[in-house]
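# Coordinate analysis (summary)
The primary structure of each chain is shown beneath.
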Protein chains: 2
Amino acid sequence: MGESRVGFCGLGTMGLAMAANLVRSGFRLTIWNRTPDRAAELIELGASQASSPREVAAESDMVVVCVSDTPDVEAVIFGPQGLAEGARTGTLIIDCSTISPSATRQFAERLAERGIPMVDAPVSGGSEGAQAGTLTIMVGGGDDDFHRARPVLAAMGRSITHMGPVGAGQATKAVNQVILCGTYLGVAEGVLLAMRSGLDVEQVVEALSGGAARSWVLENRSGRMIADEYALGFKVSLHLKDVLIALAMGRDAGVALPVAALTAQLESGLVAAGHGDEDVSVLARAVRSMSEP
Amino acid sequence: MGESRVGFCGLGTMGLAMAANLVRSGFRLTIWNRTPDRAAELIELGASQASSPREVAAESDMVVVCVSDTPDVEAVIFGPQGLAEGARTGTLIIDCSTISPSATRQFAERLAERGIPMVDAPVSGGSEGAQAGTLTIMVGGGDDDFHRARPVLAAMGRSITHMGPVGAGQATKAVNQVILCGTYLGVAEGVLLAMRSGLDVEQVVEALSGGAARSWVLENRSGRMIADEYALGFKVSLHLKDVLIALAMGRDAGVALPVAALTAQLESGLVAAGHGDEDVSVLARAVRSMSEP
């Protein structure tokens, strides 16, 4: 391994599992999280804990960032004691958060002025994929930077694709979230119609899974909709954040996305009603509640 | 084969391919179509042509019906020279058309009064599936009738499921079409966003096909959306007919189906604009046209 000193900032559900896979793959890991006690499990595995992103950058050749939203990424990189203060020329920042493509391009420009390269590498596959190291990772950045990041990403994901220049990874992730909007709502409406029409809905799902209605959502999430229990998975509040990014990207690109917009409305309602920490499949509850007294 | 004399009424794109698979499987086939010259290919394979549905029924132990819509099924069964006039007690009618579940139950009741059993057996899988004999078939009817119909259905499809009493096959097909609404619109919006954001959209489809956005539509229909050419497949005018059936079923069951309703509106617009004979994936054109001058 040419560059084995890797930093990791952001130990949420996704980040913690991804960082654990990096330690297990033999990287010398320096970690930081806003809440330091999240690090205990990784320290046991052999990771070192730093007191700031700046210190992480000083100890690392490459640093993975995995936080929630655009302002969080900005704070970790450019805040006081941020990565930019500790990085040297050539320290590669790998942002695995899902944030705005246009903000990503701005961050990369600001970093480039200091000689610090960055790639965006948002992931898909949920907490199951993070734990199993089977994430789909969509990367934006220069060729050389992509090749430097590849061994690190390969320890966390199974399908790693270089989508284009900086921002292209985030744009691809936004497309993924838009496709999911329609797929989730289609399955939610179908499950609801089947249940209310007196069909054996589990048998319906099985019968349709071999045909044109087949999808990952039908196979893996219709069960939660039928049971009306929405264990994670992937939080609907985070999907909402991603859909809002996609809608802003749509406005920039001049395209109307009606089903994504409807999904954002339904998800906003779910978050307001206290369901934000449930799985995205809770969209079925929103659809069902339209026809309830 | 206990009952080898099978009739077939309705030789459209689907029916012709399905009837050919029945002859190839060794059934003694008697066929009828409103337009008689559609029968030439089947006569060459060994089928006999009848001059009316009544004559088909008189020559058959079981009769498959595969026509476009509820009034067509009613005419073939109950019209002058219809199946009901030629059938004997026990002649089994297998309706592979996609029609209203409630009309299906009414037809079955009227037939039962004459001692003629019926199963509804709508299919999914498009013209490719009809030709390859790999259709998904969803069956409603009594147990004995299902078991009688099974060998005939097995010659035309790969996945054959008994969903419940008469009408349950049609209800399941309606659920299938509702799920497709969301899946098609999600993929259409995603493809549009990718194209307008400067991404390599074919690479995007490939990158996402391993993850949660995976679906039959993404894998098999995004290419038509990218090329903006919508070869069949399955006609959008027929999908619209099916979605309208599902929406009526939703009203009966007391459920709102917002994405299915939006899809029906977009498809109505496409049909009015002369695109009714194109593949359902032409929904991508409707989505795109929302953002065009």
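Calculation rules
- Residues numbered from 1 in each chain as written.
- Chains lettered and ligands numbered in written order.
- Predicted model: local features only at pLDDT ≥ 70, side-chain atom pairs only at ≥ 80, totals over all residues.
- Heavy atoms only, no water.
- Contact = heavy atoms within 4.5 Å.
- Buried area = accessible area lost by both parts, 1.4 Å probe.
- Salt bridge = Lys/Arg side-chain N within 4 Å of Asp/Glu carboxyl O.
- Helix = DSSP H or I, 4+ residues; strand = E, 2+ residues; numbered from the N terminus.
- Nonpolar A, V, L, I, M, F, W, Y, C, P; charged D, E, K, R; others polar.
- Domains from an automatic or database assignment.
- Polar contact = N/O pair within 3.5 Å; in protein donor to acceptor, adjacent residues only side chain to side chain.
- Buried < 20%, exposed > 50% of the residue type's maximum accessible area, 1.4 Å probe, protein only.
- Expected span 1.5 Å × (residues − 1).
- Axes fitted to C-alpha atoms, helices over the stretch in contact; angles between N-to-C directions.
- Parallel < 35°, antiparallel > 145°, perpendicular 65-115°, else oblique.
- Pairing = 2+ DSSP bridges.
- 1 Å grid on protein atoms, 1.4 Å probe; cavity = no way out; pocket = protein on both sides within 12 Å on 5 of 7 lines; lining within 4 Å.
- Points joined across faces, edges and corners; volume = space filled by probe spheres on them.
- Phe/Tyr/Trp six-rings, centres within 6.5 Å; stacked < 30°, edge-to-face > 60°.
- Lys NZ or Arg CZ within 6 Å of the ring centre and 35° of its normal.
- pLDDT = per-residue confidence, 0-100.
- Least-squares fit on C-alpha atoms with pLDDT ≥ 70 in both.
- Core = buried A, V, L, I, M, F, W, Y, C linked by side-chain atoms within 4.5 Å.

### With respect to the interface of chain A and chain B
The interface is formed by 58 residues belonging to chain A together with 58 residues belonging to chain B. Interface area, chain A with chain B, both sides summed: about 4900 Å², of which 69% is carbon and sulfur. It is I179, E189 and L193 of chain A in chain A that bury the most area against chain B; as a group they hold 14% of the surface buried on that side. Taken together, the connections running from chain A to chain B amount to two salt bridges. One salt bridge connects E219 of chain A with R214 of chain B, and the closest N-O pair in it is separated by 3.6 Å. Looking at the side of chain A that touches chain B, the elements that each hand over two or more residues are strand 8 (135–140), strand 9 (157–164), helix 9 (168–196), helix 10 (201–208), helix 11 (216–227), helix 12 (236–253) and helix 13 (258–272) of chain A. Per-element accounting of the side of chain A that touches chain B gives the leading share, 19 residues, to helix 9 of chain A. Partitioning the side of chain A that touches chain B into residue classes produces 34 nonpolar, 20 polar and four charged.

### Topic: the domain arrangement of chain A
All names here are of chain A. Assigned domains of chain A: these are domain 1 (5–164) and domain 2 (171–290). One C-alpha centre belongs to domain 1, the other to domain 2, and the line joining them spans 28 Å. Counting across the domain 1 and domain 2 interface gives one salt bridge. At the boundary of domain 1 with domain 2, the tally comes to six residue pairs in polar contact (both at pLDDT 80 or more). Those elements that provide at least two residues to the side of domain 1 that touches domain 2 are strand 7 (123–124) and helix 7 (126–132). Here the side of domain 1 that touches domain 2 is built from residues that sort into six nonpolar, five polar and two charged.

### Some words on the pattern of salt bridges
All names here are of chain A. Under the definition given, this model contains 24 salt bridges over all chains. Across the salt bridge formed by E292 and R196, the nearest N and O atoms sit 3.7 Å from each other. Within this pair, whereas E292 is found in the segment after helix 14 (283–289), its partner R196 is found in helix 9, the two being separated by 96 residues in sequence. When its relative accessible area of 34% is taken as the criterion, R196 is described as partly exposed. The partner of R288 in a salt bridge is D228, and the shortest N-O contact between them spans 3.1 Å. Highlighted residues: R288 in helix 14 and D228 in the loop between helix 11 and helix 12, separated in sequence by 60 residues.

### Remarks on helix 11 of chain A
Here helix 11 of chain A is 12 residues long and its end C-alpha atoms lie 18 Å apart, about the 16 Å a rise of 1.5 Å per residue gives. In this structure, the buried residues of helix 11 of chain A make contact with helix 7, helix 9, helix 10 and helix 14 of chain A together with helix 9 (168–196) of chain B. Looking one or two residues past helix 11 of chain A, D228 of chain A carries a phi angle of roughly 60°, positive in sign.

### Observations concerning the packing of helix 9 of chain B against helix 13 (residues 258–272) of chain B
All names here are of chain B. Running from amino to carboxyl end, helix 9 crosses helix 13 at an angle of 70°, the nearest separation of the two axes being 9 Å. On the basis of their axis angle, the class for helix 9 and helix 13 is roughly perpendicular. Two secondary-structure elements touch here, helix 9 through V178, C181, G182 and L185 and helix 13 through V259, A260, L262, T263 and L266.

### Regarding the pairing of strand 1 (residues 5–9) of chain B
Consecutive side chains along a regular strand alternate between the two faces of the sheet. Residue and element names in this part refer to chain B. Summarising burial for strand 1: four of the five residues are buried, a large majority. Here strand 1 pairs with strand 4 (residues 62–65) via four bridges, running parallel. Following the sheet pairing, F8 is matched in strand 4 by V64.

### Some details on the layout of surface pockets
The method is simple in principle: a probe with the dimensions of a water molecule rolls over the atoms, and the space it marks as empty is what remains. All names here are of chain A. One number sums up the size of the second largest pocket: a volume of about 1000 Å³. The wall of the second largest pocket is formed by 49 residues, among which T13, M14, V67, S68 and L238 lie closest to the centre. Among the elements that take part in the lining of the second largest pocket, helix 9 stands out by supplying five residues, more than any other. Of the residues assigned to the lining of the second largest pocket, the class counts are 19 nonpolar, 20 polar and 10 charged. A domain-level breakdown of the lining of the second largest pocket finds at least three residues from each of domain 1 (5–164) and domain 2 (171–290).

### Comments concerning empty space enclosed by the protein
Residue and element names in this part refer to chain A. Tallied over the entire structure, the rule returns three cavities of 30 Å³ or more. Roughly 70 Å³ of volume is contained in the largest cavity. Around the largest cavity, the lining residues are A188, V191, L192, M195, M225, Y230, A284 and R288. Of all the elements in the fold, those that place two or more residues in the lining of the largest cavity are helix 9 and helix 14.

### Details of the packing of aromatic side chains
Within this structure, the stated rule accounts for two aromatic pairs over all chains. One cation-aromatic arrangement involves R110 of chain A over F78 of chain A; the distance from NZ or CZ to the ring centre is 3.8 Å.

### A few points about the confidence of the model for chain A
A residue-level look at chain A finds 99% of positions with pLDDT of 70 or above and a mean pLDDT of 96. Interface confidence for the predicted complex, expressed as ipTM, amounts to 0.95; the pTM equals 0.95.

### As for the relation of the copies chain A and chain B
Both copies of the chain are related by a screw-like operation: a rotation about an axis and a shift along it. The operation relating chain A to chain B is a screw motion whose rotation component is 180°, with 0.0 Å of axial translation and a residual RMSD of 0.1 Å. Taken together, the rotation angle and the small translation identify this as a two-fold axis. The fraction of interface residues of chain A whose copies in chain B are also interface residues reaches 100%, indicating that both copies meet through the same surface.

### Structural notes on helix 11 (residues 216–227) of chain B
All of the buried residues along helix 11 of chain B are W216, V217, L218, R221, S222, R224, M225 and I226 of chain B. Residues of helix 11 of chain B that are buried sit in contact with helix 9 of chain A together with helix 7 (126–132), helix 9, helix 10 (201–208) and helix 14 (283–289) of chain B.

### Here we look at the side chain of D242 of chain A
Residues and elements named next belong to chain A. In this structure, D242 sits in helix 12. Of the residues examined, D242 reaches a relative accessible area of 2% and is grouped as buried. In terms of polar contacts, D242 uses its side chain to reach the side chain of K241, at 3.2 Å. Setting aside anything within four residues of it in sequence, one finds D242 in contact with T98, K173, Q177 and F234.

### Let's talk about the nonpolar core
Counting residues in each nonpolar core, the largest one holds 102 residues, and the members touching the most others are M225 of chain A together with M225 of chain B. Leaving out residues up to four positions away in the same chain, M225 of chain A has contacts with Y184, V187, A188, V191, V217, Y230, S281 and A284 of chain A.

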